[in-house]
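If you want the building blocks of each chain, they are given just below.
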Number of protein chains: 2
Amino acid sequence: MEKMIEIIEFFPEQCKEGLRIGKKFKAPKKKFSNIVVQGMGGSGVTGLILRDVLKEELKIPIFINSTYSVPAFIDKNTLFIAVSYSGNTEETINAAKEALKKKAIVIGISSGGKLKQLLKKNCISIPSGFPPREATGYLVVPLLVLFSKLKLIKPKEKEVNEFIELIKKNKEEISDKAWRLAERMDGRIPVFYATDSFQSISFKWMTQINENAKNFAHSSFFPEMNHNELNAKDGFEYTYIVFLRKEKELPEIEKRLKVTGEILRSYTDVVEVKARGNSLLAQMFYLIYFGSLTSHHLAIIRNIDPLPVPAIDYLKKRLKG
Amino acid sequence: MEKMIEIIEFFPEQCKEGLRIGKKFKAPKKKFSNIVVQGMGGSGVTGLILRDVLKEELKIPIFINSTYSVPAFIDKNTLFIAVSYSGNTEETINAAKEALKKKAIVIGISSGGKLKQLLKKNCISIPSGFPPREATGYLVVPLLVLFSKLKLIKPKEKEVNEFIELIKKNKEEISDKAWRLAERMDGRIPVFYATDSFQSISFKWMTQINENAKNFAHSSFFPEMNHNELNAKDGFEYTYIVFLRKEKELPEIEKRLKVTGEILRSYTDVVEVKARGNSLLAQMFYLIYFGSLTSHHLAIIRNIDPLPVPAIDYLKKRLKG
């Protein structure tokens with residue numbers, strides 16, 4: 001599997017494998033009083049997705065950490081999840097070590113590297129060879145299985161399978177829609193506003209545009225953006241705005257979207273991308289898949305190779321030297 | 001006090017009053033297992049600032065909530081802080097009611113409105129008449145006093161006074177610098193990248209530009225932006241990039257800033273704004289003050305009234321109708 005498009009289209013298969021990987025992993029027998037999810041970039045978005053998925057179900061607080069140091073509240077009752085696809089992310093290795101010193105139960109997820117060496121049996125092993133940003137199925141699904149084994153949430157297998165079936169049936173149509181969206185975005189600054197509980201999704205679309213299409217982008221979410229950036233005006237003329245939303249929203253959110261759309265349309269183009277699926281999880285995965293395709297297609301339209309990330313590689317090299 | 005510049009320059013005085021207001025408020029006698037800070041827009045940023053200030057000190061998790069509904073983990077051991085400057089923010093009123101139903105201890109902070117009616121003695125009263133985004137001193141400082149009364153953190157009076165002195169001594173110089181920065185930003189999309197633990201500050205600068213200068217803007221933070229948006233290229237030509245940083249950074253962060261700056265300078269202009277002060281809190285408040293001035297000056301340069309927020313007012317009217 002070499003071509004980026006094949007990697008992206010493998011997402012549903014990743015989710016299926018993710019279920020298997022999660023089931024094989026032996027969960028610790030312990031009650032936790034809080035969860036910290038640590039990670040950066042394409043790995044770090046895992047924590048944001050989990051927070052959105054679990055917000056209405058999880059009975060303990062979840063804290064997202066994306067830096068070298070860990071928050072002071074971590075102790076022996078903390079479940080510390082260290083996410084690093086490569087297993088070598090400097091910030092995450094350091095934070096995991098700090099968490100271990102504070103006696104937290106640290107569980108890693110990676111394709112190898114130093115994290116695997118550090119945590120051994122406590123690291124969930126996932127296949128290597130993917131760019132981290134296109135390994136979301138491998139990164140998120142095993143953790144959902146882990147959380148359900150820990151009785152923190154209900155099993156999510158049905159929802160994952162719903163997503164897999166959804167893509168199987170609509171693959172061509174989604175790709176066509178992503179092509180049309182990418183064509184319209186070309187030459188503009190893509191701006192993504194997601195509705196409530198899809199906060200991680202608009203961030204994910206932004207970073208996919210950054211890394212795959214090498215384009216500057218921006219993201220925020222409803223209703224928060226109604227309290228600040230809605231009042232901006234100048235600068236919007238450079239943007240192309242996409243609302244990322246559920247198929248059905250509550251009436252008050254539907255009205256917010258309508259009026260916000262009217263205001264923004266007086267400055268620039270605004271389109272809506274609606275999720276599909278019954279469960280929240282299937283809808284989120286559907287939009288992640290759609291976003292990856294859109295960013296890929298935008299790269300192709302602009303004659304850019306979506307796979308390499310030269311600026312990030314250059315920075316890493318300079319920081320080591 | 002009518003002119004926006006007078007309101008902004010009143011920030012140190014607000015902090016002084018904030019100390020008094022906090023001291024007068026009677027803290028509940030209880031041990032909490034977690035904190036949720038609820039708020040939207042100019043009020044909501046209070047939670048982000050508190051999270052940054054307290055991360056290395058607070059021994060219980062803090063969760064920021066900015067929507068209608070509350071996370072499932074809230075229970076009788078939760079300290080739920082409802083922040084609404086007007087006291088009438090729909091999302092925050094609703095979330096506070098949900099938190100009360102779940103038996104959380106709910107403490108509000110507002111200048112009146114429905115929140116005050118709902119929470120009565122459990123609402124910290126602050127002066128009215130300010131735009132919420134320029135009431136940061138009133139919103140943050142009393143909560144710092146409350147947290148120290150609850151023995152969750154050490155007193156922060158010294159740090160607040162350090163900030164007040166800092167502005168007294170350097171008022172003219174900061175305003176001059178803000179003028180020069182605003183002039184250079186004019187006509188561009190301002191982009192703010194803060195160093196670690198100043199995450200709330202880059203968000204605050206962005207939203208001040210949105211609301212005061214009515215300009216689209218973007219924000220992120222180090223080291224996270226090194227893992228995704230650094231790889232963007234096209235689109236940066238429309239931006240003007242500002243690094244918001246501590247006076248002294250760790251050597252590894254200093255190197256990150258240097259190399260990241262080199263990469264970004266090949267696309268657009270990049271400048272640094274350095275915080276001043278010894279304590280983290282004084283540095284943060286210094287940058288908030290500097291950012292408010294910059295957004296104000298940008299509005300004046302562009303012949304825009306910084307005070308009203310017509311698009312937000314229009315949306316609120318339409319949502320009520």
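The structure we're discussing is the one just above.
Residues numbered from 1 in each chain as written. Chains lettered and ligands numbered in written order. Predicted model: local features only at pLDDT ≥ 70, side-chain atom pairs only at ≥ 80, totals over all residues. Heavy atoms only, no water.

*Asks:* With reference to specific residues and values, describe the pattern of salt bridges.
*Replies:* Between side chains of opposite charge, a pair can form when the charged atoms approach closely. For the structure on display, the rule yields 32 salt bridges over all chains. Here B:Lys23 ties to B:Glu157 by a salt bridge, and the two come within 3.1 Å at their closest N and O atoms. Taken together, the positions of B:Lys23 in helix α2 (residues 11-24) and B:Glu157 in helix α7 (residues 157-185) put the pair 134 residues apart, joining distant regions of the chain. For B:Lys23, a relative accessible area of 46% translates into the label partly exposed. In this structure, the salt-bridge partner of B:Arg133 is B:Glu211, at a minimum N-O distance of 3.6 Å. Residue B:Arg133 is located in the loop between β5 (123-125) and α6 (136-149), and its partner B:Glu211 is located in helix α8 (residues 199-212); the two are separated by 78 residues in the primary sequence. For B:Glu211, a relative accessible area of 7% puts it in the buried group. One network of salt bridges, with partners in common, ties together A:Glu173, A:Lys177 and A:Arg276. (Salt bridge = Lys/Arg side-chain N within 4 Å of Asp/Glu carboxyl O. Helix = DSSP H or I, 4+ residues; strand = E, 2+ residues; numbered from the N terminus. Buried < 20%, exposed > 50% of the residue type's maximum accessible area, 1.4 Å probe, protein only.)

*Asks:* Which residues make up the packing of helix α3 (residues 41-54) of chain A against helix α6 (residues 136-149) of chain A, and what values go with them?
*Replies:* Residue and element names in this part refer to chain A. Between α3 and α6, whose axes approach to 10 Å, the crossing angle comes to 45°. On the basis of the axis angle, α3 is oblique to α6. The interaxial crossing formed by α3 with α6 has right-handed handedness. Residues Gly-42, Ser-43, Thr-46, Ile-49, Leu-50, Val-53 and Leu-54 of α3 pack against Thr-136, Leu-139, Val-140, Leu-143, Leu-144 and Phe-147 of α6. Of the residues assigned to the contact of α3 with α6, the class counts are 9 nonpolar, 4 polar and no charged. (Axes fitted to C-alpha atoms, helices over the stretch in contact; angles between N-to-C directions. Parallel < 35°, antiparallel > 145°, perpendicular 65-115°, else oblique. Left-handed = near helix turned anticlockwise from the far one by under 90°. Contact = heavy atoms within 4.5 Å. Nonpolar A, V, L, I, M, F, W, Y, C, P; charged D, E, K, R; others polar.)

*Asks:* Residues and numbers for the interface of chain B and chain A, please.
*Replies:* With 78 residues of chain B in contact, the opposing surface of chain A contributes 78 residues. Around 6,400 Å² of area is buried between chain B and chain A when both sides are counted, 60% of it from carbon and sulfur atoms. Broken down residue by residue, the surface that chain B buries against chain A is led by B:Lys55, B:Phe216 and B:Asn231, which jointly contribute 12%. Run the count over chain B and chain A and you get 6 salt bridges. (Buried area = accessible area lost by both parts, 1.4 Å probe.)

*Asks:* Break down the sheet that holds strand β8 (residues 239-245) of chain A for me, with residues and values.
*Replies:* Residue and element names in this part refer to chain A. The 4 strands lie next to each other as β7-β6-β8-β9, forming an open sheet whose pairing is parallel. Each edge of the open sheet is held by one strand with a lone partner, namely β7 (218-221) and β9 (270-274). Taking the axes of each pair of neighbouring strands and ignoring which way they run, one obtains an average angle of 20° across the sheet. The sheet contact formed by strand β6 (residues 189-194) and β7 spans 4 bridges and is parallel. Paired with Phe-192 across the strands is Ser-219, a residue of β7. Across the sheet, helix α9 (residues 251-265) lies against β6, β8 and β9, angled at about 175° from β8, the strand it touches most. Contacts from helix α10 (residues 280-301) reach β8 and β9 within the one sheet, and its direction differs from that of β9 by about 130°. (Pairing = 2+ DSSP bridges.)

*Asks:* Describe the pairing of strand β3 (residues 78-83) of chain B, and please don't skip the residues or the numbers.
*Replies:* Residue and element names in this part refer to chain B. The element β3 is extensively covered by neighbouring structure, given that 6 of its 6 residues are classed as buried. Side chains Thr-78, Phe-80 and Ala-82 of β3 all project onto a buried face; the interleaved residues Leu-79, Ile-81 and Val-83 project onto the opposite face, where all are buried too. One ladder, built from 5 bridges, connects β3 with strand β4 (residues 105-110); its direction is parallel. Counted as the bridge partner of Ile-81 is Ile-107 from β4. The handedness of the β3 to β4 crossover, carried by helix α4 (residues 90-101), is right-handed. (Right-handed = clockwise from strand over helix to strand, strands pointing away.)

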